[in-house]
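What follows is each chain in one-letter form.
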There are 2 protein chains.
Amino acid sequence: MIPLRRFSLSYKKLPYNVVWIEYPEVEPTLKALGIAPTTKKPDGSPMYTLPAIVDPSTGTGVAESFAIAEYLDKTYPDRPLLIPSGTRALQAAFIEAFIGALVSMFRFSFLHTAENILNPSSSAHFREARKNDVLGGLTVEEAYPTGEQANAEWKKVEQGFAKIDQWIGEGNKFVMGDTVSFADFALAGFIKYTRFSQGEDSPKWKDVASWNGGRWTRLVRDVEALTTL
Amino acid sequence: MIPLRRFSLSYKKLPYNVVWIEYPEVEPTLKALGIAPTTKKPDGSPMYTLPAIVDPSTGTGVAESFAIAEYLDKTYPDRPLLIPSGTRALQAAFIEAFIGALVSMFRFSFLHTAENILNPSSSAHFREARKNDVLGGLTVEEAYPTGEQANAEWKKVEQGFAKIDQWIGEGNKFVMGDTVSFADFALAGFIKYTRFSQGEDSPKWKDVASWNGGRWTRLVRDVEALTTL
């Protein structure tokens, strides 16, 4: 059901098991594993987030995908690098910039996520958490764009993808050209979440798949081709 | 008075003359030189912007600093690259992300720019243009943060610099580590504009200079050391 492949681990050919945890169990589970919180809730208290890994060969636990990528590159430097030498700051800024460009997508995705993807206990937790952080007090239903606002917000998503398309430029397969990197894994993950939350046959996914000459489906396919264990 | 050094041209050891143009003359001058507009005004009409170059050895005119950097790398590939191979998208996203992180600075800088830096004809043009684009209808006086809002907005600037400091990471001189690149020139240019618009002896500049272990003054100094003609 939910796509299981972890791009960073697979690209480095590090075998793994995925354990799914319901949202209410995230904080106690990570605390028990001694994994530090990655950010703060709007009230200032520590926030524990997934993804997180526990590396059985070192006993180390790490949360947050960029920190995980850095840990894996440092611990397994002889495997292909997720963050090519000298690009750490650029990769981090790329993640921030592409999510900023596509931020309007979240209001379209959260309702589907709460209704169709998550189990009830996770769904209730997700609804409350997103209301208090990303959605600034709105419920996922209230935040879901409708009518004229839906057209305007969807136009922003299209413009966001167009901007990223311009950054990557014609003829480049990946963000860094021929070399795949963490930036592609993050972007491909976002695109897969869009496809999964909207549904493969939805008009919204068909729009995304049609934009920028089909670049976004190709990116997912090209990333997946390089991330088989 | 205004710092004359152009980082990209200097780094590539390409000699240049700087010609200053008052804002009302930008559009007719670039049109006469056959240089295309780089963006659109809020009303949808084309917008002509500086910086722009005319390369006498090819007769080519190019506007917008990133496009200029790409042109220079393409035309003078044997000189040190401004955009190291494979980093085009990452560099473009970095510019977007760092400006997003520091966007609160503009409201502090625009009033000083209009009052103390620009000549009267440019100042009038600048006030009208910024009111209609960045400031969403506010004058530079109305947008200048005061009272509690000033503290909140200045805190956002500090947090923005802290975020960029985290991206670059400890021990790294430049965005890409030991290698200087366009990203550093853009960031150092922003920092110099802050120092210049606030004034070297202003409390605001002293704050910026004190943040993140003095990284921002060092960055300007290190960039300047590599960009002497």
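Rules used throughout
- Residues numbered from 1 in each chain as written.
- Chains lettered and ligands numbered in written order.
- Predicted model: local features only at pLDDT ≥ 70, side-chain atom pairs only at ≥ 80, totals over all residues.
- Heavy atoms only, no water.
- Axes fitted to C-alpha atoms, helices over the stretch in contact; angles between N-to-C directions.
- Helix = DSSP H or I, 4+ residues; strand = E, 2+ residues; numbered from the N terminus.
- Left-handed = near helix turned anticlockwise from the far one by under 90°.
- Contact = heavy atoms within 4.5 Å.
- Nonpolar A, V, L, I, M, F, W, Y, C, P; charged D, E, K, R; others polar.
- Phe/Tyr/Trp six-rings, centres within 6.5 Å; stacked < 30°, edge-to-face > 60°.
- Buried < 20%, exposed > 50% of the residue type's maximum accessible area, 1.4 Å probe, protein only.
- Lys NZ or Arg CZ within 6 Å of the ring centre and 35° of its normal.

1. What to know about the packing of helix α4 (residues 88-101) of chain A against helix α4 (residues 88-101) of chain B
Phase 1 of the analysis: Following both chains from N to C, one finds α4(A) and α4(B) inclined at 65 degrees, their axes separated by 8 Å at the closest point. Crossing of α4(A) against α4(B): the hand is left-handed. Across the interface between the two elements, Ala89(A), Leu90(A), Gln91(A), Ala93(A), Phe94(A), Glu96(A) and Ala97(A) from α4(A) touch Ala89(B), Leu90(B), Gln91(B), Ala93(B), Phe94(B), Glu96(B) and Ala97(B) from α4(B).
Phase 2 of the analysis: Here the contact of α4(A) with α4(B) is built from residues that sort into ten nonpolar, two polar and two charged.

2. Re the packing of aromatic side chains
Phase 1 of the analysis: In the structure shown here, the tally under the stated rule is 30 aromatic pairs over all chains.
Phase 2 of the analysis: Taking the centre distance of 5.9 Å and the plane angle of 50 degrees together, the rings of Phe161(A) and Trp211(A) count as tilted. Remark: Trp211(A) occurs in the loop between α10 (203-210) and α11 (215-225) and Phe161(A) occurs in helix α8 (residues 147-168); sequence separation between them is 50 residues. Across the pair, exposure class does not vary: Phe161(A) and Trp211(A) are buried alike.
Phase 3 of the analysis: The interplanar angle of 65 degrees and the centroid separation of 6.1 Å between the aromatic rings of Phe94(B) and Trp167(B) together place this pair among those described as edge-to-face. Highlighted residues: Phe94(B) in helix α4 and Trp167(B) in helix α8 (residues 147-168), separated in sequence by 73 residues. Of the two residues, Phe94(B) and Trp167(B), neither departs from the other in class, the shared state being buried.
Phase 4 of the analysis: Through a chain of ring-to-ring contacts, the aromatic side chains of Tyr23(A), Phe94(A), Phe98(A), Phe106(A), Phe110(A), Phe126(A), Trp167(A) and Phe190(A) assemble into a single cluster.
Phase 5 of the analysis: Above the ring of Trp154(A), the side-chain terminus of Lys204(A) is found at 4.6 Å from the ring centroid.

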